[in-house]
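Working through the structure, step by step
The residues making up each chain are set out below.
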Amino acid sequence: MAAPLPVAPDSADPNFADLIAARPGLSMHAQDGLVMEEVPLSRIAREVGTPTWVYSAGTLRRRYRALKAALDGAGLNASVHYATKANDNQAVLRVLAAEGAGADIVSVGELRATMAAGIAASRTVFSGVGKKAEEIRFALGQGIFQINAESVEEIAMISAIAAEMGVLAPVALRVNPDVDAKTHAKITTGKAENKFGIAFEDAAPLYARMAALPGIRPIGIATHIGSQITEGVAAFHAAYARLAEMIRGFRASGLPVERVDCGGGLGIPYRDEVAPPPEALAGAIKATLGGLGLPVMLEPGRWIAGPAGVLLASIVLQKQGSNRRFLVADAAMNDLIRPAMYEAWHGIVPLDPVRFADDAMPADIVGPVCESGDTFARGRAMPLMAPGDFIAFLDAGAYGAVMSSTYNARPLAAEVLVDGNRFAVVRPRQMPEDLLAHQRLPDWLAP
Ligand SMILES: *Cc1c(COP(=O)(O)O)cnc(C)c1O
C-alpha cells in the first residue's frame, strides 16, 4: 500500500472529536465507541445490518422543546407545524405528536402519515405548488387547519371544491417576498424567479378577491423563503417585515387576517456553519410581526429532524487509486442523496473508538453506485479502515431516508429509533424480492 498522504494543512474540516462534542445526542466511549443516547451504534449496525438510519427520540424532543421555548420566550403566541417532508417515519412523527406538534404537509400521502401518527388534520397546514383536486377534497373532508394557496388558479379550484362540499376552506395566501435566503440554489424558494407563492405586488388584490369567493375563509398570509438558512436571520427579518406591511394594508382595507405563517428554513451546522439559534429567529418574528397581535406559525423540518439522525454504513473495502485513497461504503447516493444533489457536507466518523482516535489521512468516501456523483466526501481526513468497519454519516435525520430511491436495484435501508437505552427497528430493511414484488409483465411477455 502507498504511504499515507498527510492531511492538507489548510483543511478546515472539524475533527471527529469536535463534531461529536457539538452533537449532544452522540458521545464517544472508550469501550462502546460511538453511542446515541445510551445505545452503542455498533450494536445496532451488527444486529440490524447496514446501511441503517438511526434516529434519536431524545434529540427530536429536545429540539422541538427548544424551538417552542424560544418562541414562547419571545412572548409570541406561536404554533409549530413540523415539515413532514424532512422525515415522515411514523415513529418520528409519533414522538413529535406526543410533544404537541402540528404538521406541515405537501401531499395527501403526508397527510395520511401525520394522521396515522396522531397529528390531527385540524393542526395541519397543506402547502405545495401543485395540489390536485382530489387532494384538496380529501384535506377539506378531514378538516384541515389551513391550506396555503400558491396561485389564483389554485384559489379558484379550492373555492369550487369547498362550495360543492358545502364547507368553508381556511385559505392563506403564500406570498413570495422576493428576498434572497443566501442558500443553495436548489432550496431557495422566496425569490421572484422561483415557482413558489404569489408575487408580492399581486397579493393584496388577490386576497381581496379571494375573500369574496364562495367556500373560502381568508386566514392570512404565509411565506417560506428557503431551506438551510444559516447566514444570520436577516433574510427572515426582511421577509417578515414585508409580511407585516402587507397585513397592515389588508387591515386598512377591512380584510380579515387571523394569523401569519412564517414557514420553515432555519439551518443547522453540518460542517462549521454558524447557524442562528431559534431565539434569533423568534426575535426576528417578534420585531417584525409581534406588533400585529396575531398568532404566528412556524414550519421547521430540518432544524428539528436533521441533527436527530445518522446513517450507519459499513466499509466494503479500501481501494488505493493512483493518487487517491477510496473508502467504498455500503451506503450510496440512492440512500443519502444530499452530497450528490446539493454538494452537501456531512460529518463522517468511525464508530470504533480506536479508529476514531487513529491518525487520519485524506480519503474519498464513495458508494458502490455506477456514477461518479456517488461520492460522499473528497479528501476527507479518515483513518485506515478495514472491510466491515462501521461509519456514521452525521446530521442525516432530515432529507435523508425520505429522499432515498432504489437506483441500482438497491433495497431501501432499515430505520431504527433510539430512545434512552432502548432501540427498535421502525422500518425493516427492504428485501431484494420486495423490489420485484410490485412489477407486472404484460401477458405477451409472460413466461
Ligand atoms: C420544505 C418546507 C418547509 C421546511 O423547510 P426546512 O428547511 O426543513 O425547515 C416548511 N414549509 C414549506 C412550505 C416547505 O416547502
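The structure we're discussing is the one just above.
Now for a quick tour of the structure. (Residues numbered from 1 in each chain as written. Predicted model: local features only at pLDDT ≥ 70, side-chain atom pairs only at ≥ 80, totals over all residues. Heavy atoms only, no water.)

1. Side note on the overall build of the protein chain
Applied cut-off: Under the scheme used here, helices are H or I runs from DSSP no shorter than 4 residues and strands are E runs no shorter than 2 residues, and both carry numbers assigned from the N terminus. We compute the radius of gyration from the C-alpha atoms alone; for a globule the expected value is 2.2 Å times N to the 0.38, where N is the number of residues. Burial classes follow relative accessibility: with a 1.4 Å probe on protein chains only, a residue under 20% of its type's maximum area counts as buried, one over 50% as exposed, and anything between as partly exposed. Note on contacts: a residue pair qualifies if any of its non-hydrogen atoms lie within 4.5 Å across the two residues. Values of accessible area rely on a 1.4 Å probe in the Shrake-Rupley scheme; residue burial ignores everything except the protein chains shown. Charge assignment: positive for Lys and Arg, negative for Asp and Glu; neither His nor the chain ends contribute. Charge positions are represented by NZ for Lys, CZ for Arg, CG for Asp and CD for Glu.
Counting secondary structure elements, the protein chain contains 14 helices and 21 strands. Over its C-alpha trace the protein chain gives a radius of gyration of 23 Å, about what one expects of a compact globule, namely 22 Å for 447 residues. Overall, the C-alpha framework of the protein chain stretches about 75 × 60 × 40 Å when taken along its three principal axes. Counting only residues that meet the buried cut, the protein chain has 54% of its 447 residues in that class. Long-range pairs, those at least 24 residues apart, make up 70% of the contacts in the protein chain with a sequence separation of at least 6. As displayed, the protein chain offers around 18500 Å² of accessible surface, 55% of which is attributable to carbon and sulfur atoms. Here the protein chain contributes 41 positive and 47 negative side-chain charges, whose respective centroids are spaced 3 Å apart.

2. Some points on the site of the ligand
Rules: When at least one non-hydrogen atom of a residue lies within 4 Å of a molecule or strand, that residue is treated as near it. N or O atoms within 3.5 Å of each other form a polar contact, as long as, within protein, one can give a hydrogen and the other can take it, and as long as residues adjacent in sequence are counted only when both atoms are side-chain atoms. Polarity classes work like this: nonpolar for Ala, Val, Leu, Ile, Met, Phe, Trp, Tyr, Cys and Pro, charged for Asp, Glu, Lys and Arg, and polar for all others, with Gly in that last group.
Around the ligand, the structure places 14 residues, and the nearest of them are Lys85, Ser227, Glu299, Arg302 and Tyr399. Measuring from an oxygen atom of the ligand, one finds a side-chain N or O atom of Lys85 at 2.8 Å. For the ligand, whose accessible area on its own is 390 Å², the fraction buried by protein is 94%. Of the residues contributing to the shell around the ligand, the split by class is 3 nonpolar, 6 polar and 5 charged.

3. Comments concerning the environment of Pro295
Counting through the fold element by element, Pro295 comes out in the loop between helix 10 (278-289) and strand 13 (296-298). Assessed through its relative accessible area of 28%, Pro295 is described here as partly exposed. The spatial distance from the C-alpha of Pro295 to the C-alpha of Val260 is 6.6 Å, given a sequence separation of 35 residues. Setting aside residues up to four positions removed in sequence, Pro295 forms contacts with Asn77, Glu258, Arg259 and Val260.

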